[in-house]
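# Reading the structure
As a plain string of letters, each chain reads:
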Amino acid sequence: MRRNAQELQKMRRAGKVVAEMHEVTRTAARPGVTTRELDAAARRVLERRGATSNFLGYHGFPAVICTSPNDMVVHGIPGDYRLREGDVLSIDCGAIVEGYHGDAAFTMAIGDVAPIARRLIEVTERSLWTGIDQLRKGNRLHEVGRAVEQVAGAAGFSVVREYVGHAIGTAMHEQPQVPNYWPGSPGPTLKTGMVFAVEPMVNAGGPETKLLDDGWSVVTLDGSLSAHFEHTIAVTDDGPEVLTLP
Ligand code: MG
Ligand code: MG
């Protein structure tokens, strides 16, 4: 699906709201704060900007952000969990403006964290930007995953395979998927106006995950730390345009 100039303008606006949710939750996240309080802060951004949530009610999801600490990979439900010094916290945010979606995530250190945690965060973010750089017209989509996997693998980390990025527009999750690894074929050729959410999930240990009993929280099977970075990006004539930056 290719988006025209008008549609891209709406997606830019949704992206700005998501960027503001990032800023607000990043500032609020410190030792002693609960993940529910972060969700409340993100809700206030949506209200202030007249945007709606694509997370709330998605297959029954009860919040506007996902908060995934430490060995949790993605989809953690905000609640009573109280952040502690040394935590590694992933926050995923989304917004809808005039029917168009934005989706982006980041991982942060809560206070002082172990060197391995700091390195995992740095490598995962770098893998995202290396993947984003592949989103150029004429390129094949799955070069993204190849690039992400190379960066994570070179650092001795593993890329999660059960969860992937996606095209995005009038729905949060559109086809095609954007794997964070080389899936064995090059995928579709990129054209101007295509928009994708690229979202590497990188584990300090093995790539395997499991789903907790709440039906949402995905954790690493071996208990190792995990990080997650995501942006929504449009393919333009001038290269990738990241829509979820401030
Ligand atoms: Mg997301
Ligand atoms: Mg996403």
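Structure's up top.
The rules behind the values
Residues numbered from 1 in each chain as written. Chains lettered and ligands numbered in written order. Predicted model: local features only at pLDDT ≥ 70, side-chain atom pairs only at ≥ 80, totals over all residues. Heavy atoms only, no water. Pairing = 2+ DSSP bridges. Helix = DSSP H or I, 4+ residues; strand = E, 2+ residues; numbered from the N terminus. Axes fitted to C-alpha atoms, helices over the stretch in contact; angles between N-to-C directions. Contact = heavy atoms within 4.5 Å. Core = buried A, V, L, I, M, F, W, Y, C linked by side-chain atoms within 4.5 Å. Buried < 20%, exposed > 50% of the residue type's maximum accessible area, 1.4 Å probe, protein only. Expected span 1.5 Å × (residues − 1). Arc of directions from axis to C-beta. Polar contact = N/O pair within 3.5 Å; in protein donor to acceptor, adjacent residues only side chain to side chain. Disulfide = S-S within 2.5 Å. Donors = N, O, S within 2.8 Å, 3.2 Å for Na, K, Ca; no water.

Here we take up the sheet that holds strand 4 (residues 100-109). Spatially, 1-3-4 is the arrangement adopted by the three strands of the open sheet, whose pairing is antiparallel. Edge positions in the sheet fall to strand 1 (65-69) and strand 4, since each has one partner strand and no second. Looking at each pair of strands side by side, their axes are set apart by 10° on average, direction ignored. Pairing between strand 3 (residues 88-97) and strand 4: 10 bridges, direction antiparallel. Of the residues in strand 4, the one forming a bridge with L89 is M108. Running over the sheet, helix 3 (residues 115-132) touches strand 3 and strand 4 and is turned about 155° from strand 4.

The next subject is the nonpolar core. If you look at the biggest cluster of nonpolar residues, it comprises 52 residues, and the most contacted ones within it are V17, M21, L38, I65, L89, L135 and F196. Put simply, the parts of the chain that give this core at least two residues each are helix 1 (5-28), helix 2 (35-49), strand 3, strand 4, helix 3, helix 4 (143-154), strand 8 (195-198) and strand 13 (231-236).

The α-helix winds at 3.6 residues per turn, so residues separated by three or four positions along the chain end up facing the same way. For helix 4, which comprises 12 residues, the first-to-last C-alpha distance of 16 Å matches the rise-based estimate of 16 Å (1.5 Å per residue) to within 8%. All of the buried residues along helix 4 are V144, G145, A147, V148, V151 and A152. For helix 4, the arc enclosing every buried residue in end-on projection is 165°, short of the 170-degree limit, so these residues lie on one face. Opposite the packed face of helix 4, turned more than 90 degrees from it, sit the exposed residues Q150 and A154.

Here we come to the side chain of N203. By secondary structure assignment, the location of N203 is in strand 9 (residues 201-203). At 2.7 Å, the side chain of N203 and the side chain of S226 are in polar contact. Setting aside anything within four residues of it in sequence, one finds N203 in contact with V73, L120, F157, S158, V160, E208, T220, S224, L225 and S226.

Another aspect to go through is the side chain of T25. Position of T25 among the secondary structure elements: in helix 1. The class for T25 is buried, based on a relative accessible area of 0%. Here T25 is in contact with L38, A42, I65, I91, C93 and F106, once residues within four sequence places are set aside.

Across the five residues of strand 1, five count as buried, placing the element largely inside the fold. Across the two faces of strand 1 the burial is the same, with I65, T67 and P69 and C66 and S68 all buried. Sheet topology places strand 1 next to strand 3; five bridges connect them, and they run antiparallel. Each residue of the ladder has a partner; that of C66, found in strand 3, is D92.

What follows deals with helix 1. Spanning 24 residues, helix 1 covers 35 Å between terminal C-alpha atoms, matching the ideal 34 Å at 1.5 Å per step. All buried positions along helix 1 are accounted for by E7, L8, M11, A14, G15, V17, V18, A19, E20, M21, H22 and T25. The backbone nitrogen of Q6 has a side-chain oxygen 3.1 Å away, supplied by the residue at the start of helix 1, namely N4.

A word on the state of the cysteines. All told, the structure shown has zero disulfides when counted by the stated rule. Looking at C66, it has no disulfide partner, and the nearest cysteine sulfur is the one in C93, 8.6 Å off.

Attention now moves to the coordination of the magnesium ion (ligand 1). Coordination of the magnesium ion (ligand 1) by the protein involves D92 (OD), D92 (OD), D103 (OD) and E230 (OE), with metal-donor separations of 2.0 to 2.4 Å. Mapping the donors of the magnesium ion (ligand 1) onto the primary sequence gives the spacing D-x10-D-x126-E. Between the magnesium ion (ligand 1) and the magnesium ion (ligand 2), a separation of 3.2 Å is found, and both are coordinated by D103. Taken together, the residues D92 in strand 3 and D103 in strand 4 connect sequence positions 11 residues apart. Classification of D92 by relative accessible area gives buried; the value is 8%.

Looking now at the coordination of the magnesium ion (ligand 2). Surrounding the magnesium ion (ligand 2) are the protein donor atoms D103 (OD), H166 (NE2), E199 (OE) and E230 (OE), at 2.1 to 2.2 Å. Coordination of the magnesium ion (ligand 2) draws on donor residues from a single chain, spaced D-x62-H-x32-E-x30-E in sequence.

This brings us to the sheet that holds strand 2 (residues 72-74). The three strands are arranged 2-11-10 in an open sheet whose pairing can be described as antiparallel. The open sheet has two free edges, formed respectively by strand 2 and strand 10 (209-211), since each of these has just one partner strand. The sheet shows a mean angle of 40° between the axes of neighbouring strands, direction not considered. Where strand 2 and strand 11 (residues 218-220) come together, two bridges link them in antiparallel fashion. Bridge pairing links M72 to V219 in strand 11.

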